[in-house]
Structure formats: C-alpha cells, structure tokens
Amino acid sequence: MVIVLMGPPGCGKGTQARFVCQGYPFVHVSTGDLVRAEIASSSHDSIQMKSLINAGKLIPNEMVFNLIMKSLSDPSRSYLCDGFPRTLDQAVMLDAFLNESGLKVDAVVNINVPDEVILKRLSGRLSCGVCKTIFNSHFNPPVQKDTCDNCSARLERRSDDAPAVVTARLSDYHMKSVPILDYFRSKNVLFDVSGDRSSGDVFAEVEKILKKDH
Ligand code: AP5
Ligand code: MG
C-alpha cells in the first residue's frame, strides 16, 4: 500500500507520519529528510541541494527521483510518502514507477492549514537531528529547553524555517503543488483533512482514512 501525505510546509506531515508509523507497519519516506541527509553526506549534488533548500526552492525532479526510487524499492512493503510528489511531473513519474511494480497510490491525505498558522508554527519548530522527533516552542515544547525528550540530543532549528524562506516555500507550494490535488482528486484517491487543530485530532482523521478499504 502507498499513502501520500500532502499539504503546505509546516502543515504537520512529519508529525502525522511519526504517529502513523508508531501504530502501523509503514516505511516513512520523507524527501525532505532524504535531501537533508544527502546534504550532510556532502555528496556530488549536495552543494546545489543546499543552496536550493536554503532559498525555499524545489530540488530538480531527477535528483529527488533518484532518492525516492532507492527508498521505494520493495513492493511487498507499505510506504508513507511525505513531501513527494510535489509537482504534477513528479506525480506522473511516481504513478509510472509504482505501476512497474504492480503498485499504485492508494490514498492521498491532504492536510489543510492556513498560511498565517504555518508562519507561526514554523517560527517555533525544533527538530531532533538524531531521532527526528519534532517539537514546537509555542505548541509542543520539550520538557527541558532545546533538548529532545526522546533521546536527549540538542534540538535544532531548520535553516529553511527563517520567515523569508517560509514565504518562498509557501509561494512555491501554491504554484507547483496545489495543481496535483486535482490530479489525485480525478483518480478518487484524495482525502482532505483540516490540519488546524490539535495533532491528536488530525491523527484521528488520518487513521479513519488508513482504515478505509482502498
Ligand atoms: P520538507 O522537509 O518536506 O519540508 P516541507 O514540505 O516544507 O514540510 P515541513 O517538513 O517543513 O513541515 P511538515 O508538514 O512536515 O510539518 P511538521 O510535522 O514538521 O522539504 C524541505 C525542502 O526539501 C523543500 O523546501 C525542497 O527544497 C526539498 N524537497 C523536499 N521534497 C521535495 C520534492 N518532492 N521535490 C523537490 N524538492 C523537494 O510540523 C511543523 C511544526 O508544526 C512542528 O513544530 C510541529 O511540532 C508543529 N505542529 C504539527 N502539527 C501541529 C498541530 N496540529 N498543531 C500545532 N502544531 C503542530
Ligand atoms: Mg516534514
């Protein structure tokens, strides 16, 4: 089974993915995490990736696709795609790639959050670089300042959470990612969820979608 989590930057895709993977046997494939790992490994493409991510721009399709293909390699597993596809071309590429293994996108969960809420959320995001737990200084602070509750590592702010970069990411989202919604809606696999409420309430909706007969 393949489930896609969609929605603007900061809508809660990573947060919901963690909840899902705690209760269900999905492999979490986050293209943002894959790109950040690639940058950390100083690979051939890492300089270009770093300058694009820090400008709030999308990475070229071929680079992202190379990363995603390696991560979706076992058709017997269930995958939760977070942050992919993000353009209509990527959606078509993903469908063609899955089709080769007899798979398809079974459901797309589109988490809706207004831009002004996103700006507030991303101004407070704190991420653990070690175990990837996500916190928020406004809405979900760690018990001890800047320290991960889960593994005690020091929490970090993402460089692309600077307000000017968030505005660029939101603009790219509205221009390039929103058109994918109609593509998936026409295939009857799109489920809209309001993300502007507690993460537990959002998860309750996500769980109902997972339990449907796809
Ligand atoms: P990526 O890492 O995927 O970033 P994004 O899509 O912009 O989404 P975020 O990770 O910022 O937010 P999220 O929705 O996961 O929210 P989170 O759960 O953390 O991609 C980064 C970059 O990589 C892109 O800009 C691009 O350059 C590149 N890239 C990635 N994929 C690509 C692709 N396919 N093609 C091309 N380039 C690509 O939550 C955010 C905050 O809100 C947290 O602090 C959290 O605690 C809090 N929060 C979550 N839910 C709630 C709630 N219900 N109430 C209150 N607070 C909440
Ligand atoms: Mg994320």
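Structure first, text after, so check above.
No experiment lies behind these values; they were computed from the predicted model shown.

**Some words on the nonpolar core**
Counting residues in hydrophobic clusters, the biggest one holds 33 residues, and the most contacted among them are Leu72, Leu98, Val108 and Phe184. Within the residue set of this core, elements represented by two or more residues are β1 (2-6), α2 (31-40), α3 (46-54), α4 (61-71), β3 (78-82), α5 (88-100), β4 (105-112) and α7 (163-186). Contact partners of valine 108, with chain neighbours within four places excluded, come to Val4, Met6, Phe184, Val189, Leu190 and Phe191. By size, the runner-up hydrophobic cluster in this structure holds 23 residues, among which are Ile3, Cys11, Val109 and Val206.

**Examining unusual backbone geometry**
Omega for the peptide link from phenylalanine 84 to proline 85 comes to 0 degrees, which places this bond in the cis form. Positioned with a positive phi, serine 42 is a non-glycine residue whose angle comes to about 50 degrees. Among the secondary structure elements, serine 42 is positioned in the loop between α2 and α3. The class for serine 42 is exposed, based on a relative accessible area of 57%.

**Overview of the sheet that holds strand β5 (residues 125-128)**
Across the sheet, three strands lie side by side as β6-β5-β7; this open sheet has antiparallel pairing. Each edge of the open sheet is held by one strand with a lone partner, namely β6 (134-136) and β7 (155-156). Relative to β7, β5 runs antiparallel, the two sharing two bridges. Its bridge partner being in β7, cysteine 128 is matched across the sheet by leucine 155.

**Remarks on the sheet that holds β3**
What the five strands build is an open sheet, ordered β2-β3-β1-β4-β8; its pairing is parallel. The sheet is open, and its two borders are formed by β2 (26-30) and β8 (190-194), each paired with just one other strand. If you compare each strand with its neighbour and ignore which way they point, the axes differ by 20 degrees on average. With five bridges joining them, β4 and β8 adopt parallel strand pairing. Counterpart to asparagine 110 in the pairing with β8 is aspartate 192. Against the sheet, α2 engages β2 and β3, with an angle of about 60 degrees to β2.

What counts as what
- Residues numbered from 1 in each chain as written.
- Chains lettered and ligands numbered in written order.
- Predicted model: local features only at pLDDT ≥ 70, side-chain atom pairs only at ≥ 80, totals over all residues.
- Heavy atoms only, no water.
- Core = buried A, V, L, I, M, F, W, Y, C linked by side-chain atoms within 4.5 Å.
- Buried < 20%, exposed > 50% of the residue type's maximum accessible area, 1.4 Å probe, protein only.
- Helix = DSSP H or I, 4+ residues; strand = E, 2+ residues; numbered from the N terminus.
- Contact = heavy atoms within 4.5 Å.
- Pairing = 2+ DSSP bridges.
- Axes fitted to C-alpha atoms, helices over the stretch in contact; angles between N-to-C directions.

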